Amino acid sequence: QVQLVESGGGLVQAGDSLRLSCAASGRTFSNYGMGWFRQGPGKEREFVAAITGTGSSTRYADSVKGRFTISRDNAKNTVYLQMNSLKLEDTAVYYCAADRNNLLSRMTSVYDYWGQGTQVTVSS
């Protein structure tokens, strides 16, 4: 069982930066691939970024490539999402998720555990 708690969301202006954190419980955090997803108002949940358990490989949605960076610190059981050059369309609830199979998948159904989400609002 893995419990995930996101933090770091807030209200920012377009062009600003924000770093989200996701703290995980459990002693086997490094065995899990991790992903970040988001769900905007009236939209389906969509893939943002993923990272393997060792942190050696990452994957990004085209919409955030070059602006967002996913990373992890296995000693702290935490995964991060650094978001730079934020745009209005980045406004969403951001969720982290854990995948025991390290698939770097874009699909929500692949992930076994989810956090409760943290709101990011980008204003003009």
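Remember, predicted model here, so these are calculated numbers, not experimental data.

Visitor: How would you sum up the state of the cysteines? Please name residues and give values.
Guide: Inspection of the entire model under this criterion finds one disulfide. The disulfide bridge from Cys22 ends at Cys96, spanning 1.9 Å between sulfur atoms. Because the sign of the S-S torsion sets the handedness, a value of about 50° for the bond joining Cys22 and Cys96 places this disulfide among the right-handed ones. Taken together, the positions of Cys22 in strand S3 (residues 18–24) and Cys96 in strand S9 (residues 92–99) put the pair 74 residues apart, joining distant regions of the chain. Residue Cys22 is classed as buried on the basis of its relative accessible area of 0%.

Visitor: Describe in detail the pattern of salt bridges, supporting the description with residues and values.
Guide: Counted according to the given criterion, the structure contains five salt bridges. Asp112 is the partner of Arg100 in a salt bridge, and the nearest nitrogen-oxygen pair spans 3.0 Å. Of the two residues, Arg100 sits in the loop between S9 and strand S10 (113–114) while Asp112 sits in the loop between S9 and S10, which places them twelve residues apart along the sequence. A relative accessible area of 44% means that Arg100 is categorised as partly exposed. According to the relative accessible area criterion, Asp112 is partly exposed, its value standing at 29%. Sharing partners across several salt bridges, the network here consists of Arg38, Glu46, Arg67 and Asp90.

What counts, and where the lines are drawn
Residues numbered from 1 in each chain as written. Predicted model: local features only at pLDDT ≥ 70, side-chain atom pairs only at ≥ 80, totals over all residues. Heavy atoms only, no water. Disulfide = S-S within 2.5 Å. Helix = DSSP H or I, 4+ residues; strand = E, 2+ residues; numbered from the N terminus. Buried < 20%, exposed > 50% of the residue type's maximum accessible area, 1.4 Å probe, protein only. Salt bridge = Lys/Arg side-chain N within 4 Å of Asp/Glu carboxyl O.

Purely geometric stuff here, so don't read any function into it on its own.
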